[in-house]
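Tertiary structure, described
Here's the letter readout for the chains.
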Amino acid sequence: MAKAAALPGTASANTIRVIPESTSTLGVGIVALFIVALLVPLVIQIGPLRLSFYRVVLLATFFPTVVQIFRNPSIRICSVDILVTAFTFYVALSFAVTGASVATIGIHIVETLGPYCLARAFIRSSEDFIRCARVFVLCIILTIPFALYENVTRDPIILTVLGKFLKVLPNVPHEQRFGLDRAQVVFDHPILYGLFSAGGFSFALYTWRLRSGTRPAFVVGALVGLAAFLSLSSAALVCVALQSGLFAYDRIMRAWRGRWAALLWSGGILYTVLELASNRSMAQISISFLAMNPGTAWTRLLVNEAAVEEIKKFPFFGAGLGYEWHPPSHVVTTSIDNFWLAVAFRNGYPSAALILAAALAALIVVGRVRQEDERVRACQTAFCITLASLSVSIFTVHLWNASYVLLFYLLGCALWVRDAPAAVETPASETEDEADTGSRVQYTRFASRGNSRVLAGAPPVNRTQSSAASQPARPSNHAAPLRSTGRVPPIGD
């Protein structure tokens, strides 16, 4: 059943928005299990197939979630669905062309479509979104003690303890910064732990504020920011800084509906002016201000330039896996620390174009839906700020394993906003006799006969003048029947 809500600030409260009902507790529980699984560093080797805990969860839920998407009539296919699916199968094709194994292609499909479909199928309302966001944030906060211990002792204690009995991710060597070790905790690399933590910053600020108030939200947000800092990664700190700036801008300019369009235009103009007026590129300018280690940052720039030249040899399907790249002598490493560029290098320019388009489409699809409900608006803003900041940050880092899976989960976690039906204007004559009761009810999930007809799109029940006269309106604790003029029109993609 759906929820019917009278929109505040509308004439005579005659505008009604029907909001999709929250999905089952089981569905949200599956999503929560997936989020927790991202923090389990165990490795299960079955022949040539390498499985981790999150891969087991995705394999077990892959087909049920796909079936759920097609069976649920409230889930409408949008441009993001098409682009993510096209990316998935184009990359699979590129792997096949470049000689990858069937197991590799299968795992790619599961790791790309699996988390996306999981979020698309089971996060269907603001309540679902908030619950899953809070699980995500709590998981980040729980890693802080282990990260602090690793900063001081250089020992990833979880990997050390579990590694005595089971196969786990390796403790990768990395340099110290500010006299501290970079915390890896349970991820493949400290930079991935930092991005995982940074991805929950806006979720903490917006979802905690809805239930606990502003001060607790700032405290939780500060803890998430601390977790990102403990990775001592430039990309993670840039991601948190971008989210902080966008959050502050949103709070200061919240009374202006055109604030985001103005910000985009201003940013575009500023970028163009700096590119034309400066003798350095924006990437070079950014490195001088943002990088913790400018030496490694300049190395990344040289690698990126060499990689762009190398891609020209195989622009359509990429170099594939296991390609032996021999860059020029002045490039000291072959590691491409740029997710978008690495995708193009491995799978061709079309694959990079598809995933970039999917991220942009997700921002547009979610951001352009006008909602009057404060909870839905908070979910929209948290999602858009997170995805935009993360998309910028991964220009300086590659994503793989759990962090790659998290990106596709984030792409699908807020598209329920687009599936919500549009508001319906009801004639004033049909709502006059409900003025005493209907205007006082904001939400109802318990349908009387009138409600069941409204939600089914049937004509409203007529009331006679004699019954209206003999039974004067009086306050009631029950929801008044909400009326609609017919079928709720869908929102355009």
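Model, not experiment: these values are computed from the prediction.

It is worth spelling out the overall build of the protein at this point. Of regular secondary structure, the protein possesses 22 helices and six strands. Among the 493 residues that make up the protein, the fraction classed as buried is 49%. In the protein, the share of contacts with a sequence separation of at least 24, taken over all contacts with a separation of at least 6, comes to 77%.

This part takes up the pattern of salt bridges. If the charged atoms of two oppositely charged side chains come close together, the side chains can form a pair. Under the defined criterion, the tally for this structure stands at 13 salt bridges. Asp419 is paired through a salt bridge with Arg124; the nearest N and O atoms lie 2.9 Å apart. Of this pair, Asp419 sits in helix α19 (residues 416–419) while Arg124 sits in the loop between α4 (102–122) and α5 (126–142), and the two are 295 residues apart along the sequence. Owing to a relative accessible area of 3%, Arg124 belongs among the buried residues under this scheme. One salt bridge in this structure joins Lys312 and Glu309, with 3.3 Å as the shortest N-O distance. Among the residues examined, Lys312 registers a relative accessible area of 52% and is labelled exposed. Taken together, the salt bridges that share partners define one network made up of Asp81, Arg120, Arg124, Arg418 and Asp419.

Our focus in this paragraph is the packing of α5 against helix α10 (residues 214–229). Taken N-terminus to C-terminus, the directions of α5 and α10 make an angle of 55 degrees; their axes are 9 Å apart at the nearest point. As judged from the angle between their axes, α5 and α10 are oblique. Judged by the sense of rotation from one axis to the other, the crossing of α5 with α10 is left-handed. Together, Val137, Ile140 and Ile141 of α5 and Val220, Leu223, Val224 and Ala227 of α10 make up the contact between the two elements. Its residues placed into classes, the contact of α5 with α10 shows seven nonpolar, no polar and no charged.

What follows concerns a nonpolar patch on the surface. Together, Leu33, Ile44, Ile46, Phe53 and Val56 make up an exposed nonpolar region whose accessible area comes to about 390 Å². Where the nonpolar patch is concerned, the elements lending two or more residues are β3 (43–46) and α2 (53–71).

This paragraph deals with the packing of aromatic side chains. Evaluated as defined, the whole model comprises 21 aromatic pairs. Seen in terms of ring centroids, Phe136 and Phe196 are 5.1 Å apart; in terms of plane orientation they differ by 80 degrees. Their pairing is edge-to-face. Note that Phe136 is positioned in helix α5 and Phe196 in helix α8 (residues 190–198), a separation of 60 residues in sequence. With respect to class, Phe136 is no different from Phe196; both count as buried. Relative to Phe345, the ring of Trp325 has its centre 5.3 Å away and its plane inclined at 55 degrees; by these criteria the two rings are tilted. On the criterion of sequence distance, the pair formed by Trp325 in the loop between α14 (294–311) and α15 (339–347) and Phe345 in helix α15 is long-range, its members being 20 residues apart. Take Trp325: its relative accessible area is 9%, and that puts it in the buried class. The rings of Phe129, Phe136, Phe187, Tyr193, Phe196, Phe203 and Trp416 are connected pair by pair, giving a single aromatic cluster. Lying across the ring of Trp208, Arg134 places its NZ or CZ 4.1 Å from the centre.

Parameters at a glance
- Residues numbered from 1 in each chain as written.
- Predicted model: local features only at pLDDT ≥ 70, side-chain atom pairs only at ≥ 80, totals over all residues.
- Heavy atoms only, no water.
- Helix = DSSP H or I, 4+ residues; strand = E, 2+ residues; numbered from the N terminus.
- Buried < 20%, exposed > 50% of the residue type's maximum accessible area, 1.4 Å probe, protein only.
- Contact = heavy atoms within 4.5 Å.
- Salt bridge = Lys/Arg side-chain N within 4 Å of Asp/Glu carboxyl O.
- Axes fitted to C-alpha atoms, helices over the stretch in contact; angles between N-to-C directions.
- Parallel < 35°, antiparallel > 145°, perpendicular 65-115°, else oblique.
- Left-handed = near helix turned anticlockwise from the far one by under 90°.
- Nonpolar A, V, L, I, M, F, W, Y, C, P; charged D, E, K, R; others polar.
- Patch = residues over 30% accessible without salt bridge, like charges linked within 9 Å, V, L, I, M, F, W, Y side chains within 5 Å.
- Areas by Shrake-Rupley, 256 points an atom, 1.4 Å probe, with all protein chains shown as cover.
- Phe/Tyr/Trp six-rings, centres within 6.5 Å; stacked < 30°, edge-to-face > 60°.
- Lys NZ or Arg CZ within 6 Å of the ring centre and 35° of its normal.

Worth remembering: the numbers are spatial, not functional.
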